[in-house]
Amino acid sequence: MKTFRVISMALFAIIMCLNFTCCSKDDTLTDNEIITKSKKLIGMKETEGDNTYIWEFSYDSEGKLSSVIYSFDMYGGSDRDQQVTRFTWNSFTITAESDYQTRTYTLDNNLVKTIRSDKETDWSNAQFSYNSSNQLLVADNGTYSNKYTWENDEISKIKSNDSYSNIIYSGKTCKGYFPLYNYYDDIFYAHPELIGLRNSQLPEREFYKYKDSQREFEYSYIFDQDGYVESCTIVRTEKNLSNNSNTSTTIFTFKWE
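J.: Any details on the nonpolar core? Residues and values, ideally.
T.: Ranked by size, the top nonpolar core spans 58 residues in total, and within it Phe57, Phe128 and Tyr184 carry the most contacts. It is strand E3 (residues 65-74) that contributes the most residues to this core, five residues altogether. For Tyr184, the residues in contact, after removing those within four places along its chain, are Arg103, Trp123, Phe128, Leu136, Ala139, Asn146, Tyr148, Ile195 and Leu197.

J.: Run through unusual backbone geometry, naming residues and quoting values.
T.: Look at Asn110: it is not a glycine, yet its phi comes out positive at around 65 degrees. Among the structural elements, Asn110 can be located in the loop between strand E6 (102-108) and strand E7 (111-117). Even without being a glycine, Asp153 presents a positive backbone phi close to 65 degrees. Topologically, Asp153 is positioned in the loop between strand E10 (145-151) and strand E11 (154-160).

J.: Give a detailed account of the pairing of E6, specifying residues and quantitative values.
T.: Residues Arg103, Tyr105 and Leu107 point to one face of E6 and are all buried, whereas Thr102, Thr104, Thr106 and Asp108, pointing to the other face, are not buried. Relative to E6, strand E5 (residues 93-97) runs antiparallel, the two being bridged by five bridges. The residue of E6 that forms the bridge with Ala96 is Arg103. As consecutive antiparallel partners, E5 and E6 are separated by four residues. Across six bridges, E6 lies against E7 in antiparallel orientation. Counted as the bridge partner of Leu107 is Val112 from E7.

J.: So what about the packing of aromatic side chains? Which residues, and what values?
T.: For the structure on display, the rule yields 14 aromatic pairs. Taking the centre distance of 5.7 Å and the plane angle of 65 degrees together, the rings of Trp55 and Tyr189 count as edge-to-face. Within this pair, whereas Trp55 is found in strand E2 (residues 51-59), its partner Tyr189 is found in helix H3 (residues 187-190), the two being separated by 134 residues in sequence. Here Trp55 and Tyr189 have matching classes, each one buried. Pairing Trp123 with Tyr184 gives two aromatic rings, centres 4.8 Å apart and planes at 90 degrees, and the pair type is edge-to-face. Taken together, the residues span a long stretch of sequence, with Trp123 in the loop between E7 and strand E8 (126-130) and Tyr184 in the loop between strand E12 (163-173) and H3 at a distance of 61 residues.

J.: Go over the side chain of Arg103, please, and point to the residues and values.
T.: Following the sequence through the fold, Arg103 ends up in strand E6. Polar side-chain contacts of Arg103 include one of 2.8 Å to the side chain of Thr121. In this view, Arg103 contacts Ile94, Thr95, Ala96, Ile115, Arg116, Ser117, Thr121, Trp123, Ser124, Tyr184 and Asp185; residues no more than four positions away in its chain are not counted.

J.: Can you lay out the confidence of the model for the protein chain for me, pointing to particular residues and giving the numbers?
T.: On average, residues of the protein chain score 86 in pLDDT, and 85% of them are at 70 or above. No element of the protein chain has a lower mean pLDDT than helix H1 (residues 4-7), which averages 40, and none a higher one than E5, which averages 98. The low-confidence segment residues 1-28 (pLDDT under 50) makes 104 contacts with residues lying over four places distant or belonging to another chain.

J.: Lay out the side chain of Ser231 with the relevant residues and their values.
T.: By the secondary structure assignment, Ser231 is in strand E15 (residues 229-240). Excluding its chain neighbours within four sequence positions, the residues that come into contact with Ser231 are Ser220, Tyr221, Ile222, Phe252, Thr253 and Phe254.

J.: I'd like to hear about the pattern of salt bridges, residue by residue, with values.
T.: Counted according to the given criterion, the structure contains nine salt bridges. Across the pair Asp224 and Lys39 runs a salt bridge whose closest N-O atoms are separated by 3.3 Å. In this pair, Asp224 sits in the loop between strand E14 (213-223) and E15 while Lys39 sits in the loop between helix H2 (31-37) and strand E1 (41-48), placing the two residues 185 residues apart along the sequence. The buried category is assigned to Asp224, whose relative accessible area is 14%.

J.: Run through the pairing of strand E16 (residues 245-256), naming residues and quoting values.
T.: Judged from the six bridges that link them, E1 and E16 form a sheet pairing that is antiparallel. Each bridged residue has a counterpart across the sheet, and for Gly43 the counterpart in E16 is Lys255. Note that E15 and E16 share nine bridges and pair antiparallel. Residue pairing across strands places Val235 opposite Thr249, the latter belonging to E16.

Conventions used here
Residues numbered from 1 in each chain as written. Predicted model: local features only at pLDDT ≥ 70, side-chain atom pairs only at ≥ 80, totals over all residues. Heavy atoms only, no water. Core = buried A, V, L, I, M, F, W, Y, C linked by side-chain atoms within 4.5 Å. Buried < 20%, exposed > 50% of the residue type's maximum accessible area, 1.4 Å probe, protein only. Helix = DSSP H or I, 4+ residues; strand = E, 2+ residues; numbered from the N terminus. Contact = heavy atoms within 4.5 Å. Pairing = 2+ DSSP bridges. Phe/Tyr/Trp six-rings, centres within 6.5 Å; stacked < 30°, edge-to-face > 60°. Polar contact = N/O pair within 3.5 Å; in protein donor to acceptor, adjacent residues only side chain to side chain. pLDDT = per-residue confidence, 0-100. Salt bridge = Lys/Arg side-chain N within 4 Å of Asp/Glu carboxyl O.

Quick look at the structure:
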């Protein structure tokens, strides 16, 4: 599950889109009804150079994530693998089981408060806190933490141990939500509301600063006929103190149903 989200904090930016359909929240519906009536994310693909990562999401009759099939094909096919994770939902916990590890998510007020795993990975043992609007404020894994600043339901800044991001918005929104705000765990691509990251606000650009380097991310989008994000192209420009720079491109595509 090492993806573009591990490359940087920059999974938080988008748009300058063509053929875009804006969406507004129907105030006559509750948040749960809006989630239920929305399309579900059933597939996601990430391509960067010769590397490809694919997620396939399945849901039960109640619309809860039941399994994720994650596969990757790296270095032109020289490194390939596939992993299946199955989820069991209870009143106050969710359990994720794969051949590699077992994770347990504890819930409070329908929000994930902790993740505990029998294997050590980046966010296998973490805790989360939220503001009064159920938006993520702090994600902490014991040695590393991300702190979020929200303004007008937009993430304006992310402060980490040794880096920070400033995010610029265009005023656009999408139908449903933008999946790439998450980079903590695959379950949150399908259920970002569990971690306070279900957000339809679309940033335009992000400026990311880390020690002796800085990165700028620009995003462009294609939307389906209902206004859901169908694909986004992320162009990253990185500069260091020697004023050297390089540019890379990552493309994400999404399937909604």
